[in-house]
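Residue-level listing of the chains:
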Amino acid sequence: MIPRIRRTLTSRRPLRHQSRATRIPLTSHIPGAIQLISSRIHLFNRFYTVDNQQPAQDSQFKKKKYLDTDTLDKIYKSEKAMESDQYSLAYDLLTEVHKKYPEEADILARRGDALVKLFRYNEALEDFKTATDLSPTVPQYYLSVAYVEEILGNILSAINAYDRAITYDPSNVDSFLGRAKLFISQNRKKEAKEDAIKALELDEYNSLAYVYLGDLSLFQESEESSEKALKCYQKA
């Protein structure tokens, strides 16, 4: 699979440092009392970035000998269009490529990214799902499906997509964090805790995992649980 625009939930040490600037305020002057504004920290796990993207001529597309020069050029231009926030142009270019090569899953996934940026979520979901049909073992496609399903309010479908992503890549921290957040929203505390702990096993510096564990501790509504939550937030 080629490098492409993808959703990023976490980073390693840089995210830990970043979290200090956006940390949730704590009322430490009252023993055992913690003021939590969860929506702020949840901003961590919902943004798009260009991740290790290379020109199409230098990417794995070049290994596909059946792709002509014009197609590679359009893919390259679509990458540049995404980088410069020209999402409609990227969509148009990728649509032209898709018409010529309808079985290329990554073209659909890239076009789905452009559609997300255009807030055309239902169309994006269709592209991402088709990508999983064409390449059913690529975990990143399921992460994209989960992201859009959650936006559309289809929480159980989003959880199922994270399940598939974990099946094909059990070392992906993003999958466990994304699923943990949804488990919390469904009051499935035990499963959420298991996922947050698994995320820390994979990335011991992961701030968001500590935040989720802190959230889960607060649900117990006791002084001891508040102290546990505070310790988690301090590690974030």
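The structure presented is a predicted model; accordingly, all values stated were derived computationally and were not measured.

Honestly, helix α9 (residues 173–185) in this entry has me stumped. Any pointers?
For an α-helix, 3.6 residues make a turn, and residues three or four places apart therefore share a direction. The terminal C-alpha atoms of α9, which comprises 13 residues, lie 19 Å apart, in line with the 18 Å expected from a rise of 1.5 Å per residue. The element α9 is largely enclosed, with a buried count of twelve among its 13 residues. Along α9, the residues that are buried comprise V173, D174, S175, F176, L177, G178, R179, A180, K181, L182, F183 and I184. Of the residues flanking the start of α9, the one acting as N-cap is N172, its side-chain oxygen 2.9 Å from the backbone nitrogen of D174. Positive phi shows up at N187, right after α9, with a value of about 60°.

For this particular structure, what's the right way to read the packing of aromatic side chains?
How two aromatic rings sit relative to each other is set out by the distance from centre to centre and by the angle between their planes. Counted by the stated rule, this structure contains two aromatic pairs. Ring geometry for F119 versus Y121: centroids 6.2 Å apart, planes at 85°, classification edge-to-face. Residue F119 is classed as exposed on the basis of its relative accessible area of 63%. Note on Y142 and Y168: the rings are 5.8 Å apart at their centroids and 20° apart in plane angle, and the pair reads as stacked. Here Y168 lies in helix α8 (residues 155–168) and Y142 lies in helix α7 (residues 139–151), a separation of 26 residues in the sequence. A relative accessible area of 5% means that Y142 is categorised as buried. We note R120 situated over the ring of Y91; from NZ or CZ to the ring centre the distance is 4.6 Å.

Explanation requested: the layout of surface pockets in the structure shown.
To find leftover empty space, a probe the size of one water molecule is rolled over the atoms. Taken as a whole, the largest pocket holds about 250 Å³ of empty space. Lining the largest pocket are K189, K190, K193, L213, L216, S217, F219, Q220, K228 and C232. Those elements that provide at least two residues to the lining of the largest pocket are α10 (189–202), α11 (207–218) and α12 (223–235). In terms of residue class, the lining of the largest pocket is built from four nonpolar, two polar and four charged.

Hey, could you run me through α8 in this one?
Here α8 is 14 residues long and its end C-alpha atoms lie 20 Å apart, about the 20 Å a rise of 1.5 Å per residue gives. Every buried residue belonging to α8 is among I155, A158, I159, A161, Y162, A165 and I166, and all of these are buried. Looking straight down α8, one finds that the buried residues subtend no more than 160° of arc, so they occupy a single side. Within α8, the exposed residues directed more than 90 degrees away from the buried face are L156 and T167.

Rules behind the numbers
- Residues numbered from 1 in each chain as written.
- Predicted model: local features only at pLDDT ≥ 70, side-chain atom pairs only at ≥ 80, totals over all residues.
- Heavy atoms only, no water.
- Helix = DSSP H or I, 4+ residues; strand = E, 2+ residues; numbered from the N terminus.
- Expected span 1.5 Å × (residues − 1).
- Buried < 20%, exposed > 50% of the residue type's maximum accessible area, 1.4 Å probe, protein only.
- Polar contact = N/O pair within 3.5 Å; in protein donor to acceptor, adjacent residues only side chain to side chain.
- Phe/Tyr/Trp six-rings, centres within 6.5 Å; stacked < 30°, edge-to-face > 60°.
- Lys NZ or Arg CZ within 6 Å of the ring centre and 35° of its normal.
- 1 Å grid on protein atoms, 1.4 Å probe; cavity = no way out; pocket = protein on both sides within 12 Å on 5 of 7 lines; lining within 4 Å.
- Points joined across faces, edges and corners; volume = space filled by probe spheres on them.
- Nonpolar A, V, L, I, M, F, W, Y, C, P; charged D, E, K, R; others polar.
- Arc of directions from axis to C-beta.

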